[in-house]
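# Coordinate analysis (summary)
Read off the chains here:
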Amino acid sequence: MLRLENIETGYDAGLALFGVSLEVREAEVVALLGRNGMGKTTTIRSIIGLNSPRSGKIIFNGVEIQNLPSYKIARLGIGLVPEGRQIFPTLSVRENLLAVAANHSKHHDPYTMERVFSIFPRLEERQKQSGGSLSGGEQQMLAIARALMINPSLLLLDEATEGLAPLICQEIWHGLGVLKERGLSILVIDKDIQALTTISDRTYIMEKGKVVWSGESHEQNLSTELTMRYLGV
Ligand code: ATP
């Protein structure tokens, strides 16, 4: 579904990704791990076109997207849950969802407000409340729900549960599990290795702008040496 081939992406200061290749297959959950500053966010930003790669290719459902603007990439069916959530604080929960609702890929069974409420029931309870008045965890649920309202076939999640209370993290992982069961492909960054190994099929570990390990997530879980070496835990 998604293939990155040898991409190099940088900022004014210089390159941050040095030839990253990775793949997300249909209905697969893929985890992207690595210590701070290793290039995970830059990889996500490259995919969605916020930082277009200087070289290499990104192919999504057979289309080269590395030079497309973000809104066109989103319309092809990639939803982003950005780091820091970035919901609309003055709009209500309902309005946040309605503001982006679309079905450009013509899914025959699209996500609707009712469907996202069934995954995150707290949002239904809070539907009239402004986005800015929600707790951090509720805002993250809203950010995920909002990304679903564009009916993506691939969801990119940058820091799924960072800084959130354990109970709400469980609700978010549960919601992502439901989306996985329904066949959504997900590329997810998080620091909770345990939760990631449970939900993901495969893992890529990044170090200094390169992929240094990839494999089945359960293998990564077993290897203490690997997590010590690349994740420092
Ligand atoms: P974190 O978990 O801290 O977000 P990360 O693995 O997602 O880390 P990136 O944010 O992709 O890493 O950063 C990769 C490299 O790019 C780092 O060296 C970082 O300093 C640099 N970088 C990130 N954003 C910018 C920016 N806006 N301008 C310049 N350099 C940046």
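In case you missed it, the structure is sitting above this.
Predicted, not measured: the structure shown is a model, and the values here were computed from it.

Close contacts around the ligand come from Tyr-11, Ala-16, Arg-35, Asn-36, Gly-37, Met-38, Gly-39, Lys-40, Thr-41, Thr-42, Glu-83 and Glu-159, and that covers them all. The separation between an oxygen atom of the ligand and a polar main-chain atom of Met-38 is 3.0 Å. For the ligand, an oxygen atom lies 2.5 Å from a polar atom in the side chain of Thr-42. The fraction of the free accessible surface of the ligand (630 Å²) that becomes covered by protein chains is 59%.

As a further point, take the environment of Val-29. Along the chain, the position of Val-29 falls in strand S3 (residues 29-33). Among the residues examined, Val-29 registers a relative accessible area of 1% and is labelled buried. Distance from Val-29 to Lys-210, taken between C-alpha atoms, is 20 Å for residues 181 residues apart in sequence.

To continue, consider the sheet that holds strand S1 (residues 2-11). Adjacent strands of a sheet pair through backbone hydrogen bonds, lying either parallel or antiparallel. Spatially, S2-S1-S4-S5 is the arrangement adopted by the 4 strands of the open sheet, whose pairing is antiparallel. On the outer flanks of this sheet lie strand S2 (14-24) and strand S5 (63-64), each paired with one strand and no other. Pairing analysis gives 2 bridges linking strand S4 (residues 55-60) to S5, with the strands arranged antiparallel. The residue of S5 that forms the bridge with Ile-59 is Glu-64. The strands that helix H1 (residues 40-48) touches are S1, S2 and S4; relative to S1, the one it contacts most, it runs at about 110°.

With that settled, consider the side chain of Ser-185. With respect to the helices and strands, Ser-185 occurs in strand S8 (residues 185-189). Taking relative accessible area as the criterion, Ser-185 reaches 1% and is therefore assigned buried. Among all residues touching Ser-185, those that are not within four sequence positions of it are Met-1, Val-24, Arg-25, Glu-26, Ala-27, Glu-28, Ser-153, Leu-154 and Leu-155.

Time to look at the environment of Leu-157. Tracing the sequence through the fold places Leu-157 in strand S7 (residues 154-158). The buried category is assigned to Leu-157, whose relative accessible area is 0%. Expressed as a C-alpha distance, the spacing of Leu-157 and Ser-217, which sit 60 residues apart in the sequence, is 17 Å.

The subject of this paragraph is the side chain of Thr-161. Mapped onto the fold, Thr-161 is located in the loop between S7 and helix H7 (166-181). Owing to a relative accessible area of 6%, Thr-161 belongs among the buried residues under this scheme. In this structure, Thr-161 is in contact with Gln-140, Cys-169, Ile-172, Trp-173 and Asp-190, ignoring residues within four places of it in sequence.

Taking 1.5 Å as the rise per residue, H7 with 16 residues should run 22 Å; its terminal C-alpha atoms sit 23 Å apart, in good agreement. Of the surrounding secondary structure, the elements contacted by the buried residues of H7 are helix H4 (113-119), helix H5 (121-125), helix H6 (136-148), S7, S8 and helix H8 (193-199). Backbone geometry just after H7 places Gly-183 at a positive phi near 95°.

What counts, and where the lines are drawn
Residues numbered from 1 in each chain as written. Predicted model: local features only at pLDDT ≥ 70, side-chain atom pairs only at ≥ 80, totals over all residues. Heavy atoms only, no water. Near = heavy atom within 4 Å. Polar contact = N/O pair within 3.5 Å; in protein donor to acceptor, adjacent residues only side chain to side chain. Areas by Shrake-Rupley, 256 points an atom, 1.4 Å probe, with all protein chains shown as cover. Helix = DSSP H or I, 4+ residues; strand = E, 2+ residues; numbered from the N terminus. Buried < 20%, exposed > 50% of the residue type's maximum accessible area, 1.4 Å probe, protein only. Pairing = 2+ DSSP bridges. Contact = heavy atoms within 4.5 Å. Axes fitted to C-alpha atoms, helices over the stretch in contact; angles between N-to-C directions. Expected span 1.5 Å × (residues − 1).

Any link to function would need more than the numbers given here.
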